[in-house]
Each structure stands twice: as structure tokens, then as C-alpha cells.
Amino acid sequence: MTSIITAIAFVILAPILGGLVAGIDRKVTARMQGRVGPPLLQPFYDVAKLFEKEDVTVTPSQNLYIIAYLVFMVVSGAYFFAGGDFLLVIFAFTLAHVFIVLGAYAAYSPYSYIGAERELITLMAYEPMVIFTAVGLYLVTGSFYISEIATSTVPAILYLPGVFLGFLTILTIKLRKSPFDISTSHHAHQELVKGLTTEFAGPVLGKVEIAHWYENVVLLGMIYLFFGFNPVLAIVVIALAYFLEIFIDNTFSRMKWQWTMKSGWGVAATLGFLNLVIVYYFYVGV
Amino acid sequence: MAYLKKSPWLLHYDASSCNGCDIEVLACLTPLYDVERFGIINTGNPKHADVFLITGGINEINREVVKNTYEQIPDPKVVVAVGICACSGGVFRECYNMAGGVDQVIPVDVYVPGCAARPESIIDGVVKALGILEEKRTAMKEKEKQHGN
Ligand code: SF4
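Residues numbered from 1 in each chain as written. Chains lettered and ligands numbered in written order. Predicted model: local features only at pLDDT ≥ 70, side-chain atom pairs only at ≥ 80, totals over all residues. Heavy atoms only, no water.

Draft legend 1. Here's a closer look at the interface of chain A and chain B. Opposite the 29 residues of chain A that make contact, chain B presents 27 residues. Summed over both partners, the interface of chain A with chain B comes to about 2400 Å²; 54% of that surface belongs to carbon and sulfur atoms. Looking at the side of chain A facing chain B, the largest losses of area belong to Lys49, Glu52 and Lys53 of chain A, adding up to 28% of the total buried there. Across the chain A-chain B interface, the total number found is seven salt bridges. The salt bridge partner of Asp34 of chain B is Arg35 of chain A, with a shortest N-O separation of 2.9 Å. The dominant element in the side of chain A that touches chain B, judged by the number of residues it contributes, is helix H2 (residues 42–52) of chain A, at seven residues. Looking at side-chain class alone, the side of chain A that touches chain B contains twelve nonpolar, eight polar and nine charged residues. (Contact = heavy atoms within 4.5 Å. Buried area = accessible area lost by both parts, 1.4 Å probe. Salt bridge = Lys/Arg side-chain N within 4 Å of Asp/Glu carboxyl O. Helix = DSSP H or I, 4+ residues; strand = E, 2+ residues; numbered from the N terminus. Nonpolar A, V, L, I, M, F, W, Y, C, P; charged D, E, K, R; others polar.)

Draft legend 2. Geometry of the packing of helix H4 (residues 86–106) of chain A against helix H9 (residues 202–226) of chain A. Residue and element names in this part refer to chain A. Where H4 meets H9, the axes come as close as 13 Å, and the angle between the chain directions of the two elements is 155°. By the criterion of interaxial angle, the relationship of H4 to H9 is roughly antiparallel. The two elements H4 and H9 meet at a crossing, and its hand is left-handed. The segment H4 lies against H9, with Phe86, Phe93, His97 and Ile100 engaging Val208, Glu215, Val218, Leu219, Met222 and Leu225. Taken together, the residues of the contact of H4 with H9 break down into eight nonpolar, one polar and one charged. (Axes fitted to C-alpha atoms, helices over the stretch in contact; angles between N-to-C directions. Parallel < 35°, antiparallel > 145°, perpendicular 65-115°, else oblique. Left-handed = near helix turned anticlockwise from the far one by under 90°.)

Draft legend 3. Spatial organisation of the pairing of strand E1 (residues 9–14) of chain B. Residue and element names in this part refer to chain B. Sheet analysis places E1 next to strand E2 (residues 41–43), joined by three bridges and oriented parallel. Opposite Trp9, over in E2, you have Ile41 as the bridge partner. With helix H1 (residues 20–27) bridging E1 and its parallel neighbour E2, the resulting β-α-β unit is right-handed. As paired elements, E1 and strand E3 (residues 51–55) share five bridges and run parallel to each other. Bridge assignment links His12 to a residue of E3, and that residue is Leu53. (Pairing = 2+ DSSP bridges. Right-handed = clockwise from strand over helix to strand, strands pointing away.)

Draft legend 4. Spatial organisation of the sheet that holds strand E7 (residues 110–112) of chain B. All names here are of chain B. Judged by pairing direction, the sheet is parallel, and its five strands sit side by side in the order E2-E1-E3-E5-E7 without closing on themselves. Of all strands in the sheet, those with a lone pairing partner are E2 and E7, marking the two edges. Direction aside, the axes of adjacent strands within the sheet are offset by 30° on average. The strands touched by H1 within the sheet are E1, E2, E3 and strand E5 (78–82), with E3 carrying the most contacts at an inclination of about 140°. With respect to the sheet, helix H2 (residues 63–72) is in contact with E1, E3 and E5, its orientation differing from that of E3 by roughly 165°.

Here it is as C-alpha cells:
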């Protein structure tokens, strides 16, 4: 019963929270650059505006893909917050991204083609680490169920520092922050126009934005799992981790896709895999 | 509701400016003027833009480009001509390849004079354009309603 309530709460509250986080992000970014920055609610204004604009669509099928993207994002997030199976959450999460890539491919534009290809590359780059995260949490807590991982009293972070660092690295890719914002970025207008979302305008772009808010909340929720034994600490770490991501965003320039690949697989192989091996041999928990 | 006014995304096109007006437009984005305070983002994508900001006069080569870009911006949209070149052709008016000001190819909503236009007047021009944007949106809504009936 509680799982249904948390799932519904996620569906309603996540866009609000995600939008606020995006607003804080822009404000902090502006402060780091010595500017005043937009109002806190700017992301909401942006999306509301997008829904006021004319709907220009070249290929109608792209809209369908974007709706699928949003729906699968919401479903995977709701399942996550309902305490479901971590692996299933990851699959639904990946499926959502496949839909946005399909949407970009459906649009017939060189920019969105390149954006879609780069999105596939980033997908490939971070996926191993996500799996390692799930496996690591399983080894330590003995369950793939989010509800059990989150309420487990085992201090997962002490056993999985490498996996956590690896997760932070791919978080940079997932949140579309520099140096890994190769497929789409607010600042990419010189090189790729807007990458993945080039051909989406008006209400469709608004939906992409909302899906992105949902996604961010789920990702920050995943950080929580490492600190499930102490919720207060978990909230503090989530805030610090996000601040770190903003800081990295502002101090790095965009890198080539090869580097995304190498960093993603590099941290997964060294930090993630080594950590798992050590945990497996020296801690037969559960 | 008038969210359009709170989040105008801007597309900057350099028609054939001498670069004087361009750097002033970019100056608006720097910490000193910081137009992001008003929610203004400089996009490079006509499909995401609301405000089309052009510097420099129109010549025979970029005529089609400007027209094409303008047509790709979803409604409602406004055009701001920045600098005297964009307003009327300015000192280049008599050149053999010049078509003149921006209004030779697309309808212009706000003219920002000056050579180069000062950042303050550019911001003023954009803010003025936002009022027009709002009017256009209301007109668009009315039209939609009539079509609906
Ligand atoms: S108005 Fe002056 S500064 Fe601006 S593009 Fe023309 S000549 Fe250059």
C-alpha cells in the first residue's frame, strides 16, 4: 500500500522538485559566473511558454516517440519510488532513452542525427556503471528490491566507495553536464545547435524537459540508496553531489565523444569492477 | 497566462554586420548586463526561438537565409533589427549587393538604432519586443478560437 502512495507521490511531486532543482542549478551556475541569474522558477516559465507556442512538427511519428519517452520515464521512476526491482527500473530507464533517440532519428535532420548518435554513445558509456551499481548494492544488502536496499541498515557506502565514485562520474553524463554534454546541452548552440532536441519545438520540447525533470529526481534518488542507513546524511550527500556536478559543469569544456566512452568504461572497469571484486571476496554479507 | 514574456529565447543572426553590433549583442549576455535575468537565452536553433534578432543589412546572398530562418521560427515570434544597418542598410545602403534593411525581406517589429547599438538600447528593444510578442499571442489565440468555431 505504501508503495502505491510513494509511486503516486513521485508522479505528482517529481516535476515540481525536478523543476526547482533545475532552477537552483541555473541560479548557482549564474552566481559562479558572477551574474545574478534568472529567477528560481525560470524552468517552469520556460516549459509553460513552450506549451503556449505553435506546434511545428515535420514528422508526426517523432511526437509519439517523445510521449513514449515521457511515459517510460514516469513509469520507471514510479516503479523506483514504489520500491520495485532495481534491474527492472534500469531496463525501463534505458528503454525511455531509446525512445528519445528514435524520436531524434525520426526527425530527418543532420543535427538531430548526430545528436542521436552521440546519445547512443553516452548510453553505451554509462550503462555498465549503472549495472555495477545495482550489482554492488545487491552484494552488500542482499536484495535487488529498492524498498529493501533503501531501508537496509548496512552502510552501503562503506563497502562501495568505488562504485559510488563511479556513479558520480556517470551522473555527470546523465545530467548532461560538461564535459559530457555532447548529445544535447543548453550551451551547445555553436556546435550542434541543440543536438538531440534540435527538431523538437513548442509543446514537444516541453515534454522532453518535463521528462528530464523526472529523470533527475530518479538519479538523485539512486544516490540515496548508498546512504539508506542514515536519511539525513543521504539528503546532505545528494545536495553536495549536485553542487559538485554544477561546479564541474562550470569548470570544464565539452569533450569529444571518445573521452565520454573512455571515462565511462574506465571508471566502470577500475572503480566499479575492482570494488565489486573486493566486496565479493572479503565481504560475504547478506 | 503570459509566460511568453518571462522566457523569451533569442536567435541572433548576423546578416552582414561589420561585427560592431554583434559584439554589443554578445555583451548583453556577459555578467555586466546579464540578460538571463529576464529569462533570455541565446539559442542557435530557430525552432526554439521566440525573438529573432538581426544585425547588419540584408544582401543578395543571405536574403533567402533570413527568410528561411524566419519561417522556421514557430509562432508567435518577433523580429528585432539591431543597428542602423539592420534598420535601413546604413552606410552600406548604396553598395551594389545590398538589398537594404531587414524589412526588405521579413516584417520587422522593433528597430534599434545606433552604430553600434548600445547594449542598453538592445535590451530596451528586446523588452519592447516582448510586449509585441504578447499581443501576437493574444491574436493567435483569437484566431484559433475562430477556427475552432
Ligand atoms: S550599425 Fe554600425 S556597428 Fe552595427 S553593423 Fe552597421 S556599421 Fe557595424
